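Chain by chain, the residues:
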Amino acid sequence: MKLTLSDLKPFAKGGNRLCFIHPENVSKCVKVRRPDFTLEDLRKKKGFPKNLKPLSSFDDNLEEHQVMIGFGLRYGREIYQHVSECFGFEDTDLGKGLVSELIRDESGQISYSLKQYLWECGRSDSFDQAVEQLCDFWETLMVPSRDLLLHNIVAQRDKKGEILRLVVIDGLGSPNLIPSRWWPKSHQRKKIRRKIQNLRDRIESYIVSCESGKVPSQMGQLIHKGLDSSQTEHK
């Protein structure tokens, strides 16, 4: 049976995908491709020779699913301390949807991205501690990822508003032709440390931008908080 998503309002909208609360399980989300941005459109944006790749290579859902299968085999359950768990595909009326863990605060609302958290809440001790924990975890396990962007990391909070943990929800896996796990350990660690330092730099730069009063873009902002009737709210 297909999940009905077309009557629901997504809680988040990315460059290529829409994210909905799973209509049968509020602890999960369903990611589907944006109908206004096709795989053909994505391929056209790429230059030669990437524009010669098959359409399936531009499917974010397929790529994420393959990455998460590999993570489960490589790291086991430990990886889900700081990475959202993937549960495979389900058919929806908006196409095949990838089902993942939906990170929620103890209050029940969907957790903010770091981008939204810093804009609305500002820096805190629990934020700095959570960043250190994530960075230590990333280097210890040498988790392959693209650039760690603020809108791809969410901050799960307790009932007092303190951050419990940071969870990476997108941008995972090695972007290179040769998977990073095949590289020498020293090279892997050097690359991971660079990713971590880039994340720290992004955080500092964004905090300065927020303090200057510059309003951030809508990327990474919740459309709704996923509480009560929000999860079945119509477009």
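Criteria and cut-off values
Residues numbered from 1 in each chain as written. Predicted model: local features only at pLDDT ≥ 70, side-chain atom pairs only at ≥ 80, totals over all residues. Heavy atoms only, no water. Pairing = 2+ DSSP bridges. Helix = DSSP H or I, 4+ residues; strand = E, 2+ residues; numbered from the N terminus. Axes fitted to C-alpha atoms, helices over the stretch in contact; angles between N-to-C directions. Parallel < 35°, antiparallel > 145°, perpendicular 65-115°, else oblique. Left-handed = near helix turned anticlockwise from the far one by under 90°. Contact = heavy atoms within 4.5 Å. Buried < 20%, exposed > 50% of the residue type's maximum accessible area, 1.4 Å probe, protein only.

A. Looking closely at the sheet that holds strand E5 (residues 95-101). As summarised here, the arrangement of the five strands in space is E1-E2-E3-E5-E4, forming an open sheet in which the pairing is antiparallel. Here the strands that pair on one side only, and so sit at the sheet edges, are strand E1 (12-13) and strand E4 (86-92). Alignment of strand E3 (residues 28-33) against E5, held across four bridges, turns out to be antiparallel. Within E5, the residue paired with Lys31 across the bridge is Leu98.

B. Representation of the packing of helix H3 (residues 114-121) against helix H5 (residues 185-211). It is the contact of H3 with H5, at a shortest axis distance of 10 Å, that shows an interaxial angle of 40 degrees. The angle between H3 and H5 places the two elements in the oblique class. Relative to H5, H3 is oriented so that their crossing is right-handed. Seen from H3, the contacting residues are Lys115, Leu118 and Trp119; seen from H5, they are Ile203, Tyr206, Ile207 and Cys210.

C. The arrangement of the sheet that holds strand E8 (residues 163-168) in detail. Spatially, E6-E7-E8 is the arrangement adopted by the three strands of the open sheet, whose pairing is antiparallel. Only two strands of the sheet have a single partner each, and these edge strands are strand E6 (112-113) and E8. Across five bridges, the pairing between strand E7 (residues 153-157) and E8 is antiparallel. Along E8, the bridge assignment pairs Arg157 with Ile163.

D. Geometry of the environment of Gly97. If you trace the backbone, Gly97 turns up in strand E5. Along the chain, Gly97 and Leu5 lie 92 residues apart, while their C-alpha atoms are 9.8 Å from each other.

E. Geometry of unusual backbone geometry. In this model, Met142 sits at a positive phi of 50 degrees, which is unusual for a non-glycine residue. Along the chain, the position of Met142 falls in the loop between helix H4 (125-141) and E7. For Met142, a relative accessible area of 7% gives the class buried.

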